[in-house]
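Chain residues, written in single-letter form:
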Amino acid sequence: MAKKMYSPELKMEIVQRYLKNGESAILFACGYHIGSRADIRKWIAQYKKNGMTGLSTTHGTYTGEFKISVVEYMYNTGASIRATVTHFHIPLPRW
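Residues numbered from 1 in each chain as written. Predicted model: local features only at pLDDT ≥ 70, side-chain atom pairs only at ≥ 80, totals over all residues. Heavy atoms only, no water.

A few points about the packing of aromatic side chains
For the coordinates displayed, the defined rule picks out two aromatic pairs. A ring pair is formed by Phe66 and Phe88, whose centres lie 5.6 Å apart and whose planes are at 90 degrees; its orientation type is edge-to-face. Of the two residues, Phe66 sits in helix α4 (residues 64-77) while Phe88 sits in helix α5 (residues 81-88), which places them 22 residues apart along the sequence. Residue Phe66 is classed as partly exposed on the basis of its relative accessible area, which comes to 25%. Look at Phe88 and you get partly exposed, because its relative accessible area is 22%. An angle of 90 degrees between the planes, with centres 5.3 Å apart, marks the rings of Tyr73 and Phe88 as edge-to-face. Pair noted here: Tyr73 is in helix α4 and Phe88 is in helix α5, with a separation of 15 residues, a long-range link. (Phe/Tyr/Trp six-rings, centres within 6.5 Å; stacked < 30°, edge-to-face > 60°. Helix = DSSP H or I, 4+ residues; strand = E, 2+ residues; numbered from the N terminus. Buried < 20%, exposed > 50% of the residue type's maximum accessible area, 1.4 Å probe, protein only.)

What follows is the structure in structure tokens.
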């Protein structure tokens with residue numbers, strides 16, 4: 001099943017409401033028909049780390065060197081997958 005893509009504008013609207021009002025991610029997931037509140041938490045983290053550019057959808061190919069640097073970062077810092085993708089501004093892997 002393909003994951004639904006959301007516009008950066010919708011993500012920004014949700015993030016701004018969250019930051020302003022402190023509403024819960026589950027309310028946004030239900031109200032905006034978002035498949036997972038984890039997506040909303042990811043958008044908030046990405047926005048806090050990278051601003052509006054953190055909410056844009058990025059797809060692309062990555063060099064072997066870049067992939068190694070991502071794995072080394074996780075290994076050396078003990079960062080979670082979610083923290084790592086936020087740090088490098090890459091989409092979550094779809095396993």
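Still to come is the rest of the account.
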